[in-house]
Structures are given as structure tokens and as C-alpha cells.
Amino acid sequence: MTIKPLIFSLGLILFCPSPRALDIEKIQLPDMGDSAGAIISPAQEKEFGEAFFRNLHQQAEINQDVEIQQYIQNIGRQLASHSDTPSNPFHFFVVMDPNINAFAGPGGYIGVNSGLILLTEAESELASVMAHEIAHVTQRHLYRSIEKASKLSIPTVAATLAAILIGTQSPNMGQAALMAIQAGNIQFQIDFTRDHEKEADRVGMQTLAGANYDPRSMPTFFERLQQSTRYYGKGVPEFLRTHPVSENRVADTRGRAEIYPYRQYPDSLAYLLTKAKLTVLTAQDKRTPLQHFTTLEMQGTPEQRAVARYGMGLVYLENQQYPAASEIFQKLTEQYPSQPQYISALARTAMDAHEYEKAGKLFEKAINTFPSNDALKIQYTRSLVKNAQPQRAKQVLQSLSDSEKDQPYYYELLAQIFADLKQPGESHRYMAEYYYASGETEAAIMQIRLAKQQTDLSFQLQAILNERLNFFLSEEESRRMER
């Protein structure tokens, strides 16, 4: 059975005309209706999104680096705030995969592959892709498409979405996942329409310009995608095979972007640092990025040369060359005291070198300088756990913003903290939440049962454990019945 992609991916990008920036109001799109809203409530949409993201953890490597996560969330939120529905909930994340792809799933979950980020040569190019995916969400294209499909439960739809996504990048894995999910002759096909793409292009262009990114980045990146297809041969990603990049599309996009006034759009330092970190994290041979950054160290602006040294320091850190890494990060921290990534890298070097007291002091200094930085708080919490300070670690972790409190690493840290506080019931409870957030419901059930075996549980905790166990068991039963 052939299943068409259920994810709105980068390969579907078609850019359409946009109004003159600043002095013309936004295009008023025709009301195409939202019949999907009659069958998918906001609560269901939220459940679809959460279930989709959980299933995705089992089939793809979701980035767990809190600085990278913070960056992609920040750029996503900036774009979303200038979309046509800024109140719509969004969740942005990075998939650690070299394939060039981006996708919009249910519930506003938007993923960007590390391969796509590394292919971009300007921050606005990355923003142009994300703006297009945001438009797919705000225009409810996914729900318009699935409303005629067979009625499936939330767990099955979410698992199928995740399986199809990974299938576009690893066909064998995707086929195996689909075989495990599909029941009977269920046909779950989604037809992408030209109208949806045109609509997403118009809205995405407006969002991009409104958020102060360069509209000309769209045709520039589009052209680079066209060039990249020449090197794939038979292994061209599904989204480029079914939606080939043509000269006409590049020309059309360039003509439409010219409507906007020209000016410079400098990259943020956070973008450059994120690319540097991804370059190191995704390299199989660490000598390659070291040579790359050594060359760049003598080029560009002082800030760009600093980013190159940062990349070199990350390579040394990965290779456990702690003195060399520490020397680089120490100098960068002194030169750029307002850049949190540098002091964070210095503190992490100390932590990896088992200098936990030094790491704690550096993180505490960083937190005092950047009190709202969640990435620093997560890393500071880890250093406190390593330094046997669970009570302080708990306080820091609880000060995170709400958006961070549904991430797997949040629950995992809480489980470790409560274990150190000699509260095994709470520890097993949060390990259950960690496994559930990671898409491993059976492991979550086991952890809840281990928690219930403890003899000193409060009445409130017993009630929580009973409720979560019933919920997890119900979801597993529903999944088994549909297999």
C-alpha cells in the first residue's frame, strides 16, 4: 500500500506574491472554511500533537541539547508572533538527522532537521522554511486534509504520522513502523493540494517579512535546494522527488521577493553558535570540524572568528581535551561577557572534567547574569545533582518556564533529584513521566507500579499514581486493540 506523506515538509514550498512591505496591509485570504474544526476540537488537536511528539521520540533522534532547543524555540516564537494567528500554540524542535527536511505536524509541532539548518547560509533562510511550516499550521491544512480519512484514535493517528515522517528518511524503518501500526485495510492518505501550498507561501512570506527576516532568503535557499538535488542520485529525499525544484519556481520566488525593499539582515550570534554546535555534534570524524573551524578562525568579523574558536573548543570538549577547551572558553567569556553560550561552555567543561564545585560556581554566576535563561538553569541543575545538592537542584529546576516542564529531560532530572532526596515514590513517578514523554508507555507503566510498591506514599501521591496508571493502561489497551 502506498501512503502519501502526512507531514507538510520542506519539499512542498512554493512561494507566492506578497504585498509591498510596510505600506500595504496583509493579504486578506479568502475564507475557505474550516470544516475540520467541526470534527477536531481544540482539546483533540492538543492530544494529537502531544501523542505525535511522543511517538516521534521512538522513531527519530530528537535534539536534547537545551541551547539548541532554546534557539529554535526563540526563532519559532518570533515568527509565530507575526503570523496571522499569533495565539496559536506552537512547539519547535530539532531532529538530529542529516537529511534536508522540515515538517509541520498536528497541534503546532514543527520540526527542523539538523541537516537543513547546516545547509542554510543565513538565519533568514532558516526562518523562511519555518515561516512556511507555521503557515501550514495556522491555515489548518493538515486537518483539512485528514477530515475525509478513516476515523482513527489519537494514539493510532499520532503513531502513523511519526512512522510516515521517519519513512521519508529511512524507508525500512518507516515500513516496519507502519506495519506495526496499521489495522486491517485502513487507508490513511493525505493529498497535498496546490491551493494549500500557495496559501502557505503567501502567509509564510508575510510572516517572514513581519518578523524582520529577509524575504530574499526564500529564493536564495530555494536555489540551493535545487542545486543540492544534483548530488543525491537515486537517494533523493521523498519531498524533493515528489515536488522537484524547478528554474521557474526559483525565478517566481525571486521576482516576488523583489517587491520588498532591500536592506541588510545580519545573522544573530545565536544562529552562528547553533550552527557551530550542530557541526560538532553531527560530525562522525571530529578532525573534520576542527579543520573547518581552524580555517574560519582567520576569516570574517571578530564575532565570526570568536564563533570559530567556540567551535574548536567544542571539538576539544568532545575529545575530552579539557585544558585546551577551558582555555578557549575562558578567553571567550572574558571577551564576550554578555554571551551566555561561552560561560555555559566553560562551566560544562569543568563539569565534564569532574570539577563539580568549579562548574557550580560558574553556572551560578551565569544564572545571576542571565536569570531567565532556561538552558543555563537546566545545565546548572545537572551540575548541582552531580555535586550532591538535590534540594538546591530542585529549586532551580522548578524556576523553569512552563514550556520547559513538559520536556523529557525535565522529568528525568526530577526523578534523579527525588532519588537523591530518598523519595523513591516520587522518583519512580517522574521516571514514568519521562518514559511516557519519550513514547515508551510500557516502561512508564512499570515505573508507576514500582512507585505504588513504596510504603510511605502520601494520600495525594497515591491518588496521582492511580490516575496515571489508569491513563497509561487505557492508552496501551487502545493501541493494542487497533493493531
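Residues numbered from 1 in each chain as written. Predicted model: local features only at pLDDT ≥ 70, side-chain atom pairs only at ≥ 80, totals over all residues. Heavy atoms only, no water.

Student: Which parts of the structure should I look at to understand the pattern of salt bridges?
Tutor: When the charged atoms of two side chains with opposite charge come close together, those side chains can pair. Summed over all chains, the structure comprises 14 salt bridges. In this structure, lysine 46 and glutamate 50 form a salt bridge, with 2.5 Å as the shortest nitrogen-oxygen distance. Of this pair, lysine 46 and glutamate 50 both sit in helix 2 (residues 42-59), 4 residues apart, roughly one helical turn. (Salt bridge = Lys/Arg side-chain N within 4 Å of Asp/Glu carboxyl O. Helix = DSSP H or I, 4+ residues; strand = E, 2+ residues; numbered from the N terminus.)

Student: Please explain the pairing of strand 4 (residues 109-113) as it appears in this structure.
Tutor: One face of the sheet, then the other: side chains in a regular strand alternate in exactly this way. Most of strand 4 sits out of view: 5 of its 5 residues are buried. Neither face of strand 4 is exposed, since Tyr109, Gly111 and Asn113 on one face and Ile110 and Val112 on the opposite face are all buried. The pairing of strand 2 (residues 91-95) with strand 4 spans 5 bridges and is parallel. Its bridge partner being in strand 4, valine 94 is matched across the sheet by valine 112. By the bridge criterion, 3 bridges tie strand 3 (residues 102-104) to strand 4 in an arrangement that is antiparallel. If you follow alanine 104 over to strand 4, its bridge partner there is isoleucine 110. Once strand 3 ends, the chain turns through 4 residues before running back antiparallel as strand 4, passing glycine 107 with a positive phi of about 70°. (Buried < 20%, exposed > 50% of the residue type's maximum accessible area, 1.4 Å probe, protein only. Pairing = 2+ DSSP bridges.)

Student: I keep staring at the nonpolar core and nothing clicks. Help me out?
Tutor: For soluble globular proteins, the rule of thumb is that nonpolar side chains tend to be buried together. Core analysis: the largest hydrophobic core is formed by 52 residues, its most contacted members being Tyr310, Phe329, Leu332, Tyr342, Ile378 and Leu397. Counting residues in hydrophobic clusters, the runner-up holds 36 residues, among them Ile68, Ala102, Val129 and Tyr260. (Core = buried A, V, L, I, M, F, W, Y, C linked by side-chain atoms within 4.5 Å.)

Student: Whenever I open this one, the packing of helix 20 (residues 390-398) against helix 21 (residues 408-420) confuses me. Can you help?
Tutor: Pairs of packed helices are described in terms of their axes, by the angle between the two and the distance that separates them. Closest axis-to-axis distance for the helix 20/helix 21 pair is 9 Å, and the angle between their directions is 155°. By the angle between their directions, the pair helix 20 and helix 21 is classed as roughly antiparallel. Along this stretch, helix 20 crosses helix 21, giving a crossing that reads as left-handed. Residue-level contacts link Pro390, Ala393, Lys394 and Leu397 of helix 20 to Tyr410, Leu413, Leu414, Ile417, Phe418 and Asp420 of helix 21. (Axes fitted to C-alpha atoms, helices over the stretch in contact; angles between N-to-C directions. Parallel < 35°, antiparallel > 145°, perpendicular 65-115°, else oblique. Left-handed = near helix turned anticlockwise from the far one by under 90°. Contact = heavy atoms within 4.5 Å.)

Student: Looking at this model, I keep getting lost on the packing of aromatic side chains. Mind explaining?
Tutor: Within a pair of aromatic rings, the relevant descriptors are the distance that separates the centres and the angle that separates the planes. By the definition in use, this model includes 14 aromatic pairs. Measuring from centroid to centroid gives 5.6 Å for phenylalanine 418 and tyrosine 430, while their planes differ by 10°, and the two rings are stacked. Highlighted residues: phenylalanine 418 in helix 21 and tyrosine 430 in helix 22 (residues 424-437), separated in sequence by 12 residues. Seen from their ring centres, tyrosine 436 and phenylalanine 471 are 5.8 Å apart, and the 80° between their planes marks the pair as edge-to-face. (Phe/Tyr/Trp six-rings, centres within 6.5 Å; stacked < 30°, edge-to-face > 60°.)

Student: When you look at helix 19 (residues 374-386) in this model, what are you seeing that I'm missing?
Tutor: Since the α-helix advances by 3.6 residues per turn, residues separated by three or four positions end up pointing in the same direction. For helix 19, with 13 residues, the first-to-last C-alpha span of 19 Å sits near the 18 Å given by 1.5 Å per residue. Most of helix 19 sits inside the fold, with 11 of its 13 residues counted as buried. The set of residues buried in helix 19 consists of Asp374, Ala375, Leu376, Lys377, Ile378, Gln379, Tyr380, Thr381, Ser383, Leu384 and Val385. Contact partners of the buried residues in helix 19: helix 3 (66-80), helix 17 (340-352), helix 18 (356-369), helix 20 and helix 21. The residue sitting at the N-terminus of helix 19 and contributing the capping side-chain oxygen is asparagine 373; that oxygen lies 3.1 Å from the backbone nitrogen of alanine 375. Positioned one or two residues after helix 19, alanine 388 has a phi angle of 60°, which is positive. (Expected span 1.5 Å × (residues − 1). Polar contact = N/O pair within 3.5 Å; in protein donor to acceptor, adjacent residues only side chain to side chain.)

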